[in-house]
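# Fold and contact review
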Amino acid sequence: MNKDLTEGRPERVLWNFCLPLFGSVIFQQLYNIADSFVAGKFINENALAAVGNSYEITLIFLAFGFGCNIGCSVIVSKLFGGGRYSELKTAVKTALIASSVLCAFLMLFGGIFCGSLLKLIRTPDDVFYDSKLYLEIYILGLPTVFFYNIATGIFSALGDSKTPFFFLAASSTSNIAMDILFVKSFDMGVAGVAWATLICQSISCVLSLIFVFRRLSQIHSDKKSPAFSWTAFKEISSIAVPSILQQSFISVGNVVIQSVINGFGPGVMAGYSASVKLNNLVITSFTTIGNGISNYTAQNLGAGKLGRIKDGFAAGLKMMWFICLPLMLLYVTAGKPLVGIFMNTPSADAVGSGVIFLRILAPFYFIISAKLVADGILRGAAMMKQFMIGTFTDLMLRVILAFALSRIFKSSVGIWCAWPIGWTISMVISVIFYRRGKWMQAQK
């Protein structure tokens, strides 16, 4: 069901809209958590390290799908809020065509340079084969990643966050069962983990596209919508390209950090692989809520209701902090059993590094959540220059400090400390830019 985000009390509107998004990202993260869980529990610690090692590279490819999602979603939200339905349909078709071309290029690139990327991050020999195998199968499934992201972006733009939630819930639950079946019953090893994920994502992608086209057919426009528009392409690209660059550089930064982590051996790699999945569950949840705030901002800008954006910031921040508190307490107090979920007989290095990682980062979830609320508004308002400045500040600080502090501390603890410093400084920058927005002077 399509929903107008320009009417109703902002706090209630955002809660109703963002909660299914939060649920969706929980199930989305179950894909990655299930892969790591099955690899660690039913194969061995090296398999867990291989999945975690490959995961940092898959995030680079995922960054492109995420950028297409945001670019399409923000523009479609603005057109939907302004009642420009013919242009809306053209924007959707344009996004699908452009994404297909981009996806084909990335599949070619990934197929050729898969092994080189793993060598670039100093993947140890004892996990190289499994890492390469997992990554190759993931690259085969890139079309499902791209088209699913476009579909969920369209649903969000139309104010519907519940439909993709139902697809993800069914798909990710099935993925857990298929992971165990392929690995334990069919003895397929890391390949079984990768194939199970690809199959489940493909089914979810196809169903999402079917429902998107059905939903669009119910939106009536007064004129025929062209299949492609350069104007729509430029508008989508103006949001998508900075978002892709943001996510890509963050992923590249994480890959660089992964190369530093790899220097401390398979034990620390496995501990990081487990704990970073738990951390990404939180950060991706906050990012997804931030995307919902972008849709809210874009719809209200399209409708000319600037005064509602300030209320949206306050409501979004309250929502984030409500979610922050229990997760922070859980990670600080129960880090050891949470990390242990992913391994049968973990080494002391694996458990110790994973627990310390969570205890250092978790208290700063309140900081990063405030940044992501501000970023959501900046992106929804197409203030991409300001958005990029805050993001790149965080990235550069984390990469530089990971190298510097790891040498000062002579342990992985120095790497973990880079996250909170980068988050804090970039949060201040993003909030300053938000407070300079035109909505700060608008009447409700």
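Residues numbered from 1 in each chain as written. Predicted model: local features only at pLDDT ≥ 70, side-chain atom pairs only at ≥ 80, totals over all residues. Heavy atoms only, no water.

## Brief notes about the overall build of the protein chain
- Across its full length, the protein chain carries 15 helices and zero strands.
- In terms of overall size, the protein chain behaves like a compact globule, its C-alpha atoms giving a radius of gyration of 21 Å where 444 residues would be expected to give roughly 22 Å.
- For the protein chain, the spread of C-alpha atoms along the three principal axes comes to 65 × 45 × 35 Å.
- Every one of the 444 residues in the protein chain was classed for burial, and the buried ones make up 61%.
- In the protein chain, the proportion of contacts linking residues at least 24 apart, taken out of those at least 6 apart, comes to 85%.
- For the protein chain, the accessible surface area stands at approximately 17300 Å², while carbon and sulfur atoms represent 68% of it.
- Each charge class in the protein chain was averaged separately, 35 positive and 20 negative side chains, and the resulting centres sit 9 Å apart. (Helix = DSSP H or I, 4+ residues; strand = E, 2+ residues; numbered from the N terminus. Rg over C-alpha atoms; globule rule 2.2 N^0.38 Å. Buried < 20%, exposed > 50% of the residue type's maximum accessible area, 1.4 Å probe, protein only. Contact = heavy atoms within 4.5 Å. Areas by Shrake-Rupley, 256 points an atom, 1.4 Å probe, with all protein chains shown as cover. Lys, Arg positive; Asp, Glu negative; His and termini not counted. Charge placed at Lys NZ, Arg CZ, Asp CG, Glu CD.)

## Some thoughts on the nonpolar core
- Core analysis: the biggest nonpolar cluster contains 130 residues, and Phe286, Tyr331, Tyr365, Trp416 and Trp419 have the highest contact counts within it.
- What phenylalanine 286 contacts, discounting residues up to four positions off in sequence, is Met320, Ile323, Cys324, Tyr365, Ile368, Ser369 and Leu372.
- Judged by nonpolar contacts, the second largest core, of 12 residues, contains Val38, Ala39, Val51 and Val193. (Core = buried A, V, L, I, M, F, W, Y, C linked by side-chain atoms within 4.5 Å.)

## Structural notes on the packing of aromatic side chains
- Inspection of the entire model under this criterion finds 18 aromatic pairs.
- Put simply, the rings of Tyr272, Phe357, Trp416 and Trp419 touch in pairs and so form one group of aromatic residues. (Phe/Tyr/Trp six-rings, centres within 6.5 Å; stacked < 30°, edge-to-face > 60°.)

## Observations concerning the environment of isoleucine 219
- By secondary structure assignment, the location of isoleucine 219 is in the loop between helix H7 (189–217) and helix H8 (230–262).
- A relative accessible area of 6% means that isoleucine 219 is categorised as buried.

## A few points about the state of the cysteines
- Applying the stated rule across the entire model yields zero disulfides.
- In this structure cysteine 200 is not part of a disulfide, and its nearest cysteine sulfur, from cysteine 205, lies 13 Å away.
- Cysteine 103 provides the cysteine sulfur closest to cysteine 205, a residue in no disulfide bond, and the two sulfurs are 9.7 Å apart. (Disulfide = S-S within 2.5 Å.)

## Focus on the environment of methionine 384
- Structurally, the position occupied by methionine 384 is in helix H14 (residues 384–409).
- Classification of methionine 384 as buried rests on a relative accessible area of 6%.
- In this structure, methionine 384 is in contact with Ser238, Ile239, Pro242, Ser243 and Arg379, ignoring residues within four places of it in sequence.

## Concerning the pattern of salt bridges
- Evaluated as defined, the whole model comprises eight salt bridges.
- As a salt-bridge pair, glutamate 11 and arginine 9 come within 4.0 Å of each other at their nearest N and O atoms.
- On the accessibility criterion, glutamate 11 (25% relative accessible area) is partly exposed. (Salt bridge = Lys/Arg side-chain N within 4 Å of Asp/Glu carboxyl O.)

## Observations regarding the environment of arginine 215
- Note on placement: arginine 215 falls in helix H7.
- Distance in space between the C-alpha atoms of arginine 215 and phenylalanine 155 is 8.8 Å, their sequence separation being 60 residues.

## Notes on helix H5 (residues 142–157)
- With 16 residues, H5 extends 23 Å between its outermost C-alpha atoms, agreeing within 8% with the 22 Å of an ideal straight helix rising 1.5 Å per residue.
- Within H5, 14 of the 16 residues are buried, which leaves it mostly tucked inside the rest of the structure. (Expected span 1.5 Å × (residues − 1).)

## Some thoughts on the confidence of the model for the protein chain
- Confidence along the protein chain averages 84 in pLDDT terms, with 96% of residues attaining 70 or more.
- Per-element mean pLDDT across the protein chain ranges from 75 in helix H1 (residues 10–42) up to 92 in helix H13 (residues 365–380). (pLDDT = per-residue confidence, 0-100.)

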